[in-house]
Amino acid sequence: ALPAPHHHPLPAHHPHHLVYDAEGAWLHNMIFEYQRMNAQLRDSLAAARAEVDALKAQLEHCERERPASPAPAASAAAAATQTKQTRRYWTPEEHSRFLEGVKTFGQKNVRAIANFVGTRSPSQVRTHAQKFYLKIARQAEREQGMSKRSMSEGDLLRVGRVNDRPPDPPPPPANS
């Protein structure tokens, strides 16, 4: 006797109510249909594997052809960022540009100063400024024998002569 149809998985489009003859024609047709679908799936899988292999070969070729140096930066800022991360100490040229930037844009505009320096990020400019003004404050304390106190921005500018000019003279006395 042939097994009942519900013991075999059936394609979704196959009607479950079919009755097959005693010779098993229906079962034979089902086996044939599953073999055909299996062959189609194997062909699709083989084509997908061939495509994956071709893409892997293409990727390997591209990676071998790529130069060892980093890819060109998308922008000047990105190029500066790459350079900025490689150097720890400020060069005399960078420091000179920093001072010019402070004179031109003011102490607080670190982004504009960083763009003006060209090789440092705003964060690096901010840190450099903090260290620079602390150094100036220490020098002023040694030179003038000042007691330890927090200096104002104006004090730092006058002591540091960031503007490359002597400090402003005191205002004339008021005539009362």
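For the structure itself, consult the block above.
Residues numbered from 1 in each chain as written. Predicted model: local features only at pLDDT ≥ 70, side-chain atom pairs only at ≥ 80, totals over all residues. Heavy atoms only, no water.

Caption draft 1: Spatial organisation of the packing of aromatic side chains. Across all of its chains, the model carries 4 aromatic pairs by this definition. Ring geometry for Phe 98 and Phe 132: centres 5.8 Å apart, planes at 80°, overall edge-to-face. Pair noted here: Phe 98 is in helix α3 (residues 92–105) and Phe 132 is in helix α5 (residues 122–144), with a separation of 34 residues, a long-range link. Accessibility expressed as a relative area gives 1% for Phe 98, which makes it buried. Among the aromatic side chains, those forming a connected cluster through ring pairs are Trp 90, Phe 98, Phe 132 and Tyr 133. The ring of Phe 116 has Arg 97 lying over it, and the distance from NZ or CZ to the ring centre is 4.0 Å. (Phe/Tyr/Trp six-rings, centres within 6.5 Å; stacked < 30°, edge-to-face > 60°. Helix = DSSP H or I, 4+ residues; strand = E, 2+ residues; numbered from the N terminus. Buried < 20%, exposed > 50% of the residue type's maximum accessible area, 1.4 Å probe, protein only. Lys NZ or Arg CZ within 6 Å of the ring centre and 35° of its normal.)

Caption draft 2: Expanded view of the layout of surface pockets. Within this model, the largest pocket holds a volume of roughly 430 Å³. In terms of lining, the largest pocket is formed by 14 residues, of which the most central are Arg 88, Tyr 89, Trp 90, His 128 and Lys 131. The dominant element in the lining of the largest pocket, judged by the number of residues it contributes, is α5, at 8 residues. When the residues that make up the lining of the largest pocket are grouped by side-chain class, the tally is 4 nonpolar, 5 polar and 5 charged. (1 Å grid on protein atoms, 1.4 Å probe; cavity = no way out; pocket = protein on both sides within 12 Å on 5 of 7 lines; lining within 4 Å. Points joined across faces, edges and corners; volume = space filled by probe spheres on them. Nonpolar A, V, L, I, M, F, W, Y, C, P; charged D, E, K, R; others polar.)

Caption draft 3: Here's a closer look at the nonpolar core. Within the largest apolar cluster, 12 residues are counted, these being Trp 90, Phe 98, Val 102, Val 110, Ile 113, Ala 114, Val 117, Val 125, Ala 129, Phe 132, Tyr 133 and Ile 136. Put simply, the parts of the chain that give this core at least two residues each are α3, α4 (110–117) and α5. Not counting the four nearest positions on each side in its chain, Val 125 is found in contact with Trp 90, Phe 98, Val 110, Ile 113, Ala 114 and Arg 120. (Core = buried A, V, L, I, M, F, W, Y, C linked by side-chain atoms within 4.5 Å. Contact = heavy atoms within 4.5 Å.)

Caption draft 4: Main features of α4. Every buried residue belonging to α4 is among Val 110, Ala 112, Ile 113, Ala 114 and Val 117, and all of these are buried. Buried residues along α4 sit against α3 and α5. Just past α4, the residue Gly 118 takes up positive phi, approximately 90°.

Caption draft 5: The arrangement of the packing of α4 against α5 in detail. Between α4 and α5, whose axes approach to 8 Å, the crossing angle comes to 100°. If you check the angle between α4 and α5, you find them roughly perpendicular. Note on element contacts: α5 touches α4 through Pro 122, Val 125 and Arg 126, opposite Val 110, Arg 111, Ile 113 and Ala 114. Looking at the contact of α4 with α5 residue by residue, the classes come out as 5 nonpolar, no polar and 2 charged. (Axes fitted to C-alpha atoms, helices over the stretch in contact; angles between N-to-C directions. Parallel < 35°, antiparallel > 145°, perpendicular 65-115°, else oblique.)

Caption draft 6: Local environment of the side chain of Arg 120. Inspection of the secondary structure assignment puts Arg 120 in the loop between α4 and α5. On the basis of relative accessibility, which here comes to 1%, the residue Arg 120 falls in the buried class. Here Tyr 89 takes part through its backbone oxygen, which lies 2.8 Å from a polar atom of the side chain of Arg 120. A polar side-chain atom of Arg 120 sits 3.0 Å from a polar atom in the side chain of Glu 94. (Polar contact = N/O pair within 3.5 Å; in protein donor to acceptor, adjacent residues only side chain to side chain.)

Caption draft 7: Quick look at the side chain of His 128. Tracing the backbone shows His 128 in helix α5. Non-local contacts of His 128, meaning those with residues more than four positions away in its chain, are made with Trp 90, His 95 and Phe 98.

Shape is all these values report; function is a separate question.
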